[in-house]
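Descriptive analysis of the structure
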Amino acid sequence: MPEEKFVDNPDTAITLTDQNINEAVAKYPFIVVDCWAEWCGPCKMLGPILENLAKKHVGQIVFGKLDVDKNPDTAKKYGVRSIPNLLVFKNGEKVGDIVGALPEAKLLERINALKG
Amino acid sequence: MYDVVIIGGGPAGLTAGIYAARSNMKTLLIRSAYKPSLITTTDLIENYPGFPDGIGGFELIERFTQQALKFGLALVDDDILAVAKTSTEGHDAWEVSTAGSVYQALSLIISTGTEYAHLNVPGEVEFTGRGVSYCATCDGPFYRDCRLIVVGGGDTAVQEALYLTNFASSVIIVHRRDRLRATAVLQDRAFANAKISFEWNAVLEDITGDSVVKAVRLKDVKDPGKAKTLPVDGVFIFTGTIPNTEMFNGVVDMDAQGYIKVNAHMNTSAKGIFAGGDCTNKLLRQVVTACGDGATAAFAAYEYVSVLKGTSYDGVKTP
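Treat the numbers as computed from the prediction; the structure is a model and nothing was measured.

So, the overall build of chain B
Secondary structure summary: chain B contains 6 helices and 17 strands in total. Relative to the globule expectation of 20 Å for 319 residues, the C-alpha radius of gyration of chain B, 22 Å, shows essentially globular dimensions. The burial tally for chain B puts 54% of its 319 residues in the buried class. Contacts in chain B between residues at least 24 apart in sequence constitute 58% of all its contacts with a sequence separation of at least 6.

Brief notes about the pattern of salt bridges
All names here are of chain B. Applying the stated rule across the entire model yields 20 salt bridges over all chains. The partner of Arg63 in a salt bridge is Glu59, with the nearest N and O atoms 3.1 Å apart. Residue Arg63 and its partner Glu59 are located together in helix H2 (residues 57-70), separated by 4 residues, close to a single helical turn. Arg63 gets classed as partly exposed once you look at its relative accessible area, which sits at 42%.

Considering the domain arrangement of chain B
Where the parts come together, the accessible area they lose is often given as the size of the interface. All names here are of chain B. With domains assigned, chain B is organised as domain 1 (2-115 + 241-309) and domain 2 (118-237). Between the C-alpha centres of domain 1 and domain 2 the distance comes to 32 Å. Contacts between domain 1 and domain 2 engage 6 residues on the former and 7 residues on the latter. Surface buried jointly by domain 1 and domain 2 totals about 530 Å² across both partners, of which 37% is contributed by carbon and sulfur atoms. If you sort the residues of domain 1 by the area they bury against domain 2, Thr41, Asp43 and Glu46 come out on top, with a joint share of 76%. At the boundary of domain 1 with domain 2, the tally comes to 1 salt bridge. Two residues, Glu46 and Arg189, come together in a salt bridge whose shortest N-O distance is 3.0 Å. Applying the counting rule to domain 1 against domain 2 returns 3 residue pairs in polar contact (both at pLDDT 80 or more). Of the residues contributing to the side of domain 1 that touches domain 2, the split by class is 1 nonpolar, 3 polar and 2 charged.

Digging into a positive patch on the surface
Positive charge collects at one region of the surface, where Arg176, Arg177, Arg179 and Arg181 of chain B lie side by side. Its place among the elements puts Arg179 of chain B in the loop between strand S10 (170-174) and helix H5 (184-192).

Side note on the interface of chain B and chain A
Tallying the contact residues gives 21 residues for chain B and 19 residues for chain A. Across the interface of chain B and chain A, roughly 1700 Å² is buried in total on both sides, 65% from carbon and sulfur atoms. Considering only the surface of chain B that becomes buried against chain A, Tyr34, Cys138 and Phe142 of chain B emerge as the three largest contributors, covering 36% of it. Between chain B and chain A we count 1 salt bridge in total. If you list the elements that add at least two residues to the side of chain B that touches chain A, you get strand S8 (132-133) and helix H3 (136-139) of chain B. The element that contributes the greatest number of residues to the side of chain B that touches chain A is H3 of chain B, accounting for 3 residues. For the side of chain B that touches chain A, the class distribution of residues is 10 nonpolar, 7 polar and 4 charged.

With respect to the environment of Ile31 of chain A
All names here are of chain A. Counting through the fold element by element, Ile31 comes out in strand S2 (residues 30-36). As for Ile31 and Phe89, which are separated by 58 residues in sequence, their C-alpha atoms are 5.3 Å apart. Setting aside residues no more than four positions away along its own chain, Ile31 makes contact with Ile14, Leu16, Ala24, Val25, Val62, Gly64, Leu87, Val88 and Phe89.

Some words on the state of the cysteines
Applying the stated criterion across every chain, the model contains 2 disulfides over all chains. One disulfide in the model links Cys40 of chain A with Cys43 of chain A; its S-S distance is 2.2 Å. Where Cys40 of chain A bonds to Cys43 of chain A through sulfur, the torsion about that S-S bond is close to 85°, and the disulfide is right-handed. What pairs with Cys135 of chain B in a disulfide is Cys138 of chain B, and their sulfur atoms sit 2.3 Å apart. A torsion of 70° about the S-S bond marks the disulfide between Cys135 of chain B and Cys138 of chain B as right-handed. Each of the two residues, Cys135 of chain B as well as Cys138 of chain B, counts as buried. As a non-bridged cysteine, Cys146 of chain B has Cys135 of chain B as the owner of its nearest cysteine sulfur, 17 Å distant.

About the thresholds
- Residues numbered from 1 in each chain as written.
- Chains lettered and ligands numbered in written order.
- Predicted model: local features only at pLDDT ≥ 70, side-chain atom pairs only at ≥ 80, totals over all residues.
- Heavy atoms only, no water.
- Helix = DSSP H or I, 4+ residues; strand = E, 2+ residues; numbered from the N terminus.
- Rg over C-alpha atoms; globule rule 2.2 N^0.38 Å.
- Buried < 20%, exposed > 50% of the residue type's maximum accessible area, 1.4 Å probe, protein only.
- Contact = heavy atoms within 4.5 Å.
- Salt bridge = Lys/Arg side-chain N within 4 Å of Asp/Glu carboxyl O.
- Domains from an automatic or database assignment.
- Buried area = accessible area lost by both parts, 1.4 Å probe.
- Polar contact = N/O pair within 3.5 Å; in protein donor to acceptor, adjacent residues only side chain to side chain.
- Nonpolar A, V, L, I, M, F, W, Y, C, P; charged D, E, K, R; others polar.
- Patch = residues over 30% accessible without salt bridge, like charges linked within 9 Å, V, L, I, M, F, W, Y side chains within 5 Å.
- Areas by Shrake-Rupley, 256 points an atom, 1.4 Å probe, with all protein chains shown as cover.
- Lys, Arg positive; Asp, Glu negative; His and termini not counted.
- Charge placed at Lys NZ, Arg CZ, Asp CG, Glu CD.
- Disulfide = S-S within 2.5 Å.

Right under this line is the structure:
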């Protein structure tokens, strides 16, 4: 798989892996990582909501998506036990997670609360 | 102005969508943008006729959706905030509001289903996502070789316990009574499964741990002085459901639990509003009964709208 080149201000959720997540967390001051899997119905609903938010908040919030089935190390490292699960990183540190699907407005509220 | 707006994208709503669209009513189905139909989280449905080998809940909903779209159903992903009465050209109509849009319709079909109830015990909220789960198909794979408990004794609890044995080293079913409510074939499978054991007459008192769940405390309902602690890695809770009907408070009559009251024609207490599926007060909440409700609700809505428009097959009637 070719290395994903991280653009400065992505307007779509970038695909993350066990290999490149650290690089993304180091590069972006605020990134929300959607842990999902093919087998998870609610995860499939959250995908389009996050794409929407990624477009609306270009330059403010970066969104990433990580398939936990293919990238078990990240899921293990951050203790992901339920999906959908959004891992939220600020200045390279995990500052919180949001478990379960929420409507767009509520989700943004929770994300902004962690953004400070 | 729609002839009918259907609220909810589960089996009842989508079947209503198929019937309404096929009757050439101008139909819109509004399905939640974030909350999928509960049936999508079921790994295998074995009692929906026509699928002798069973079918996954997610796939079944996909198929219902394709079938409804084929007949011209309009579909949006949005969440209802309120429903209010309005009128158009001298007859009653209903206005449905979401965060960004307002839809008007001569009739409504409510099929918003249910969600899993919480136990409201200490530790449940804190450990949600850290060992407490309400979705076995979503989270089961995280519990390879782990010790799990499943709380509940109905079809969902037993079916999901069986599914979790694909991953877990052991699954203990904790049930408040001394026998299961689940259907016989599921009970037989659970009793025959070497990974499944039971804690009868037991209720969950609290869930404890550090960053993740480590243990649960059970109380004996027959002997409240007796309690025991079990070391576990995960707690799956399937103790019942609550209807997604909050936004219809004051619009249609409900029972004490919030299930919408309907008659055999799926009429609610409000003229022009019909309801069907798991969100209504009924005996058996299953895909097949939800589909039946949806078909009836669509037909009843068609009749109602025809009478309003003066195009009823049976001639002039008052709605």
